[in-house]
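# A look at the structure
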Amino acid sequence: MSTYVSASTVEEALEAMSGGARPVAGGTDLVVGARQGKAPLPDSIVAIHAIDGLRGISGSGGGLRLGALATHEELVTHPVVRERFTALADAAAIVGSHATRAHGTIGGNLMNASPAMETGGPLVCFDATVTLQGSGGSRELPVAELFAGPGQTTADVGELLTAVDIPEPAAGTGSCYVRLEYRRQMEIAVVGATAVVVLDGGKISDARIAITALAPTIHRVSEAESALVGTDGTREPAEAAASAAAAAAAPISDVRASEDYRRAMAAVITRRAIEAAVARASGEVVPIPASPALHGAV
Ligand SMILES: Cc1cc2nc3c(=O)[nH]c(=O)nc-3n(C[C@H](O)[C@H](O)[C@H](O)COP(=O)(O)OP(=O)(O)OC[C@H]3O[C@@H](n4cnc5c(N)ncnc54)[C@H](O)[C@@H]3O)c2cc1C
């Protein structure tokens, strides 16, 4: 028999999870997926949407703490996210539809661990960490170490993701997340790229590049980052970095794109993300979300 309980504290949620219940936050992956026949609903569910302690976005020493229940809508409308963590605003702004963004949470997005999910690339590049709370205590883990494969995380079954912490970015940081999309709403990334650069005296002193929907997990590409550091981030170095990102991709062929098309688009999308991140670091305005604005770019 299926059971459903609603927790009002983290402790109540953990108790239900220790008995085998699966947490549900916005339900836009778990419930919608079940209705679409992707996977049956778990036998036992604990709703966590009423746990006040998991809500909100707050400052922490120049960085940000996102409660696990922070929605995509809250992220994209938050002034600090838009100004200092712009790639994350780019990502949250294009998740699903208005309804998906209003209900879908950052915790659910991360724990769903899709290689095509939007917020992973920006969070990996911003060095974000997650707090995982189990009945025996809590631990922090870099977001980059949370993803284990498509739909798989390194969290234990009984662990609840309670918060995401993002450290303060260096002065001179500009960032951008771009995805190849065939339509503006109700889409997932065919290919995605995140670029975070730090400009110092007109040169890039630090660069972070991550690829999305191009491998079993979202990950940074160090060869692409090295190709940018010390340059001014204009067309030639951006193209060299983008080629390195494409070379590091291990894409699949599916109904949405072939492996070859994804690899070719990896270079284009990564270059656009880099150029927009450099433009933002230079003080130029690139609209949020960047994807529709940049798709007219050459
Ligand atoms: C029409 C549609 C369009 C979509 N478009 C996009 C898109 O463009 N880009 C994109 O990235 N995603 C997209 N999604 C996927 C989904 O909306 C997001 O991943 C969303 O952020 C999931 O959050 P949620 O709170 O609804 O997760 P839920 O469905 O509640 O949970 C998802 C998974 O995470 C687990 N979970 C949830 N919260 C926690 C927690 N705090 N701790 C531990 N485990 C937890 C659940 O057990 C479940 O396994 C789309 C979904 C739909 C239905």
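Above this text you will find the structure in question.
Report on the accompanying structure.

Criteria and thresholds
- Residues numbered from 1 in each chain as written.
- Predicted model: local features only at pLDDT ≥ 70, side-chain atom pairs only at ≥ 80, totals over all residues.
- Heavy atoms only, no water.
- Helix = DSSP H or I, 4+ residues; strand = E, 2+ residues; numbered from the N terminus.
- Rg over C-alpha atoms; globule rule 2.2 N^0.38 Å.
- Buried < 20%, exposed > 50% of the residue type's maximum accessible area, 1.4 Å probe, protein only.
- Contact = heavy atoms within 4.5 Å.
- Expected span 1.5 Å × (residues − 1).
- Pairing = 2+ DSSP bridges.
- Axes fitted to C-alpha atoms, helices over the stretch in contact; angles between N-to-C directions.
- Near = heavy atom within 4 Å.
- Polar contact = N/O pair within 3.5 Å; in protein donor to acceptor, adjacent residues only side chain to side chain.
- Areas by Shrake-Rupley, 256 points an atom, 1.4 Å probe, with all protein chains shown as cover.
- Nonpolar A, V, L, I, M, F, W, Y, C, P; charged D, E, K, R; others polar.
- Core = buried A, V, L, I, M, F, W, Y, C linked by side-chain atoms within 4.5 Å.
- Parallel < 35°, antiparallel > 145°, perpendicular 65-115°, else oblique.
- Left-handed = near helix turned anticlockwise from the far one by under 90°.
- Phe/Tyr/Trp six-rings, centres within 6.5 Å; stacked < 30°, edge-to-face > 60°.

### Thoughts on the overall build of the protein chain
For the protein chain, the helix and strand inventory stands at 12 helices and 14 strands. Against the 2.2 N^0.38 benchmark of 19 Å for 298 residues, the protein chain shows a C-alpha radius of gyration of 19 Å, consistent with a compact globule. The C-alpha extent of the protein chain, read off along each of the three principal axes, is 60 × 45 × 30 Å. Relative to its full complement of 298 residues, the protein chain shows a buried share of 51%. Long-range contacts, defined as pairs at least 24 residues apart, comprise 62% of the intrachain contacts of the protein chain with a sequence gap of at least 6.

### Side note on helix 10 (residues 235-248)
Spanning 14 residues, helix 10 covers 20 Å between terminal C-alpha atoms, matching the ideal 20 Å at 1.5 Å per step. Those residues of helix 10 hidden inside the fold are in contact with strand 13 (203-212), helix 9 (222-228) and helix 11 (259-281).

### Thoughts on the sheet that holds strand 10 (residues 160-166)
Taken together, 5 strands build an open sheet; the order of strands is 4-5-10-6-7 and the sheet is antiparallel. In this open sheet, the two edge strands, each paired with only one partner strand, are strand 4 (57-60) and strand 7 (137-142). The average angle at which neighbouring strand axes cross in this sheet is 25°, direction not considered. Along the sheet, helix 1 (residues 10-18) contacts strand 6 (129-134) and strand 10; its crossing angle with strand 10, the most-contacted strand, is approximately 130°.

### Side note on the site of the ligand
If you check the shell around the ligand, you find 33 residues, and the closest are Pro-23, Thr-28, Thr-105, Glu-118 and Glu-187. At 2.6 Å, a side-chain N or O of Thr-28 approaches an oxygen atom of the ligand. When isolated, the ligand has an accessible area of 990 Å², and the protein chains bury 91% of it. For the shell around the ligand, the secondary-structure elements that each account for two or more residues are strand 2 (22-24), helix 2 (30-35), helix 7 (106-112) and strand 10. Counting residues per element, the shell around the ligand draws most heavily on helix 7, which supplies 5 residues. Residue composition of the shell around the ligand, by class: 15 nonpolar, 12 polar and 6 charged.

### Brief notes about the side chain of Ser-44
Looking at where Ser-44 falls in the secondary structure, it is placed in strand 3 (residues 44-47). Judged by its relative accessible area of 18%, Ser-44 is buried. In terms of polar contacts, Ser-44 uses its side chain to reach the side chain of Thr-3, at 2.9 Å. In this view, Ser-44 contacts Thr-3, Gly-20, Ala-21 and Arg-22; residues no more than four positions away in its chain are not counted.

### A few points about the nonpolar core
Grouped together as the largest cluster of nonpolar side chains are 42 residues, with contacts concentrated most on Leu-66, Leu-110, Leu-123, Val-130, Leu-146, Phe-147 and Val-164. For this core, the secondary structure elements donating two or more residues are strand 5 (63-67), helix 3 (72-77), helix 5 (86-92), helix 7, helix 8 (120-125), strand 6 and strand 10. For this core, the element with the highest residue contribution is helix 5, accounting for 5 residues. In contact with Leu-66, other than residues within four places in its own chain, are Gly-56, Ile-57, Leu-75, Leu-88, Ile-106, Thr-162, Ala-163, Val-164 and Ile-166. Core analysis: the second largest hydrophobic core is formed by 37 residues, Val-191, Ala-249, Ile-269 and Ala-281 among them.

### A word on the environment of Gly-192
Note on placement: Gly-192 falls in strand 12 (residues 191-200). Distance from Gly-192 to Glu-181, taken between C-alpha atoms, is 9.0 Å for residues 11 residues apart in sequence. What Gly-192 contacts, discounting residues up to four positions off in sequence, is Tyr-177, Val-178, Arg-179, Ala-210, Ile-211, Thr-212, Leu-214 and Ile-269.

### Let's talk about the packing of helix 10 against helix 11
The geometry of helix 10 relative to helix 11 is characterised by a closest axis approach of 8 Å and an angle of 140° between their N-to-C directions. Overall, the two elements helix 10 and helix 11 adopt an arrangement that is oblique. When the axes of helix 10 and helix 11 are compared, the crossing they make is right-handed. Within the contact between the two elements, helix 10 uses Arg-235, Ala-238, Glu-239, Ala-241, Ala-242, Ala-245, Ala-246 and Ala-247 and helix 11 uses Arg-263, Ala-266, Ala-267, Thr-270, Arg-271, Ile-274 and Glu-275. Of the residues belonging to the contact of helix 10 with helix 11, the class tally is 9 nonpolar, 1 polar and 5 charged.

### What to know about the packing of aromatic side chains
The final tally for this structure, using the stated rule, is 1 aromatic pair. For the ring pair Phe-85 and Phe-126, a centre distance of 5.3 Å and an interplane angle of 85° mean the geometry is edge-to-face. Here the residue Phe-85 occupies a position in the loop between helix 4 (79-84) and helix 5, and Phe-126 occupies one in the loop between helix 8 and strand 6, the gap between them amounting to 41 residues. Across the pair, exposure class does not vary: Phe-85 and Phe-126 are buried alike.

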